[in-house]
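# Secondary and tertiary structure notes
The chain contents come next:
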Amino acid sequence: MTYPASGTGGQECAVVNVFSPGDHVVSIIIGNFGTRLAKIAEAYGLKVSRIEFSWGEAADPAIVEARLKELTPYKGVLMTHNETSTGVTNNIRTLASIVRTVSPEALVVVDAVSSLSSLPLEMDLWDLDVVFTGSQKGWMIPPGIMMIAASERAWQAHKNAKLPRFYWDWTSTRKQLDASWQHPTTPPVSLFYALDVALEMMLDEGREAIFARHKKAGEYVRDRVQAMGLHLLATDVRYASNTVTAIRLLKVLKPKRY
Ligand SMILES: Cc1ncc(COP(=O)(O)O)c(C=O)c1O
């Protein structure tokens, strides 16, 4: 489904459609956007347990597994694929498979705002339940279209989910889409024209070629940054993001006063 919204709308849309007040969820946090997702869940009255890592680190699967075992039971696990604030990419395939093993019924909710389209992410193959992204990142168009997908498990959860929702309600959105291919609210028409062009470009280039181009660009930026004597915020280059590079500034420059 698509909604007129930015990425934060995707975070809220995911939470309100599959959970009920008081539900326990686990939030795997490696930076600012993971924190935001946890805060949204709390704002809606969910009980949130955080598994937090230092900024610059990816979620450590062994720590996540141990904590998930301690924290059970929970209805869902919220995670960020590519943490834009730190330039770190989580290994979602591994994290999702841990959730499936430890708590097979828990919903895996993935923020893919700055990754989907540019980094490999296999929703069905990795058994992810809710995945959302934003038009202004790898989709190459201005902000304003949020895209969200739900698994069969997520649709089942949605049927019983009691959090208040209106704008984000999947049932009304899907009903309208099925009936007339229309949004229930005014769609961002101009952006859909832009997206049409962007998708044609992406189809021409091909998925694997797009991933390879981002990998090459990411490696190039990381090499140049380090050659300049600066440091990456990502503590382990294996998890450094190919879509966004966060750099530690050695000298904090004072702003110039006029
Ligand atoms: C991973 C991630 N999640 C959520 C957001 C929030 O999106 P927006 O600023 O479009 O509301 C962003 C924005 O950069 C993001 O990178």
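Residues numbered from 1 in each chain as written. Predicted model: local features only at pLDDT ≥ 70, side-chain atom pairs only at ≥ 80, totals over all residues. Heavy atoms only, no water.

## Side note on the overall build of the protein chain
Which entries qualify depends on this criterion: Per the convention used, a helix needs a DSSP run of H or I reaching at least four residues, while a strand needs a run of E reaching at least two, with both numbered from the N terminus. For the radius of gyration, the atom set is restricted to C-alpha positions; the globular benchmark scales as 2.2 Å times the number of residues to the power 0.38. The buried label goes to any residue with under 20% of its type's maximum accessible area, the exposed label to any with over 50%, and the partly exposed label to all in between, with areas taken from a 1.4 Å probe on protein chains only. Here, two residues are considered to be in contact whenever any of their heavy atoms come within 4.5 Å of each other. The protein chains shown are the only cover counted for residues, whose accessible areas, like all others here, come from Shrake-Rupley with a 1.4 Å probe. Working convention for charge: Lys and Arg count positive, Asp and Glu count negative, and His plus the chain ends are omitted. One atom stands in for each charge, and that atom is NZ of Lys, CZ of Arg, CG of Asp or CD of Glu.
The secondary structure content of the protein chain amounts to 8 helices and 11 strands. Taken against the 2.2 N^0.38 rule, which gives 18 Å for 258 residues, the C-alpha radius of gyration of the protein chain at 19 Å falls within 12% of a compact globule. With the principal axes as the frame, the protein chain shows a C-alpha extent of 55 × 50 × 45 Å. Of all 258 residues assigned to the protein chain, the portion counted as buried reaches 48%. Long-range contacts, defined here as pairs at least 24 residues apart, represent 64% of the contacts in the protein chain between residues at least 6 apart. Accessible area for the protein chain stands at about 13,300 Å²; split by element, carbon and sulfur atoms hold 57% of it. A distance of 7 Å separates the average location of the 28 positive side-chain charges in the protein chain from that of its 26 negative side-chain charges.

## Some remarks on the sheet that holds strand E7 (residues 107-111)
Applicable threshold: Here, any two strands with at least 2 DSSP bridges between them count as paired. All axes are obtained by fitting lines to C-alpha atoms, using only the stretch in contact for helices, and the reported angles, taken between N-to-C directions, cover 0 to 180 degrees.
Taken in spatial order, the 7 strands line up as E1-E9-E8-E7-E4-E2-E3 in an open sheet, and their pairing is mixed. Because the sheet does not close on itself, it has two edges, and the strands there are strand E1 (2-5) and strand E3 (47-52). On average, each strand axis in the sheet is tilted by 20° relative to the strand beside it, whichever way the strands run. Strand contacts of helix H3 (residues 61-71): strand E2 (24-29), E3 and strand E4 (76-80), with the helix running at about 155° to E3, the strand carrying the most contacts.

## Quick word on a nonpolar patch on the surface
Where we set the bar: To count toward a patch, a residue needs a relative accessible area above 30% and no salt bridge. Like charges then connect within 9 Å, nonpolar side chains (Val, Leu, Ile, Met, Phe, Trp, Tyr) within 5 Å. Salt-bridge detection follows one rule: a side-chain nitrogen of Lys or Arg within 4 Å of a carboxyl oxygen of Asp or Glu.
Together, Met-140, Val-197 and Met-201 line one region of the surface with nonpolar side chains, adding up to about 290 Å² of accessible area. Position of Met-140 among the secondary structure elements: in the loop between strand E8 (130-134) and strand E9 (144-150). Its relative accessible area of 44% is what places Met-140 among the partly exposed residues.

## Some points on the site of the ligand
As a reminder of what qualifies: Here a residue is near a molecule or strand as soon as one of its heavy atoms is found within 4 Å of it. Under this definition, polar contacts are N or O atom pairs within 3.5 Å; protein pairs additionally need one hydrogen-donor-capable and one acceptor-capable atom, and for neighbouring residues in sequence, both atoms have to be side-chain atoms. Residue classes follow a fixed rule: Ala, Val, Leu, Ile, Met, Phe, Trp, Tyr, Cys and Pro count as nonpolar, while Asp, Glu, Lys and Arg count as charged, and any other residue, Gly among them, counts as polar.
Taken together, 14 residues form the shell around the ligand, and within it Ser-6, Thr-8, Thr-84, Asp-111 and Gln-136 come nearest. Gly-7 places a main-chain nitrogen or oxygen 2.8 Å from an oxygen atom of the ligand. A distance of 2.4 Å is found between an oxygen atom of the ligand and a side-chain nitrogen or oxygen belonging to Thr-84. When the free accessible area of the ligand is taken as 380 Å², the share hidden by the protein chains comes to 88%. Looking at the shell around the ligand, the elements with two or more residues in it are helix H1 (7-18) and helix H2 (32-43). Looking at the shell around the ligand residue by residue, the classes come out as 2 nonpolar, 9 polar and 3 charged.

## Some details on the nonpolar core
The line we're drawing: We call a set of buried residues a nonpolar core when its members are Ala, Val, Leu, Ile, Met, Phe, Trp, Tyr or Cys and they connect through side-chain atoms within 4.5 Å of each other.
Judged by nonpolar contacts, the single largest core of 31 residues is most densely connected at Leu-68, Met-79 and Leu-128. Broken down by secondary-structure element, the contributors of at least two residues to this core are E2, H3, E4, helix H4 (92-102) and E7. Counting residues per element, this core draws most heavily on H4, which supplies 6 residues. Here Leu-68 is in contact with Val-26, Ile-51, Tyr-74, Val-77, Ile-98, Val-99 and Val-102, once residues within four sequence places are set aside. Among the nonpolar cores identified, the runner-up in size contains 30 residues, and Ala-41, Phe-132, Ile-148 and Trp-168 belong to it.

## Structural notes on the pattern of salt bridges
Under the counting rule described, the total for this entry stands at 14 salt bridges. With a closest N to O distance of 3.9 Å, Glu-208 and Arg-207 form a salt bridge. A relative accessible area of 54% places Glu-208 in the exposed class. Since its relative accessible area comes to 45%, Arg-207 is described here as partly exposed. Several salt bridges converge on common partners, so that one network encompasses Arg-100, Asp-127, Asp-129 and Arg-153.

## Let's talk about helix H8 (residues 207-227)
Put simply, the rule reads: For a helix, the expected span equals 1.5 Å multiplied by the number of residues minus one. The arc in question is the one traced by the directions running from the helix axis out to the C-beta atoms.
The end-to-end C-alpha separation of H8 is 30 Å, in line with the 30 Å expected for 21 residues at 1.5 Å each. Here H8 has its buried residues at Ile-210, Phe-211, His-214, Gly-218, Arg-222 and Val-225. On an axial view of H8, the arc spanned by its buried residues comes to 100°, and they lie on one face. Exposed and facing more than 90 degrees away from the buried side of H8 are Glu-208, Lys-216, Tyr-220, Asp-223 and Ala-227. On its buried side, H8 packs onto helix H7 (189-205), strand E10 (231-232) and strand E11 (247-248). In the segment just after H8, Gly-229 is the residue with positive phi, at about 85°.

## Regarding the UniProt feature "domain: Aminotransferase class V" (unreviewed entry) in the protein chain
Which entries qualify depends on this criterion: UniProt positions are given in the numbering used here, feature names are shortened, and annotations may be inferred rather than shown by experiment.
In the UniProt entry, the feature "domain: Aminotransferase class V" (unreviewed entry) is given for residues 12-247. Strand forms 17% of residues 12-247 and helix 42%; the C-alpha atoms that close the span are 29 Å apart.

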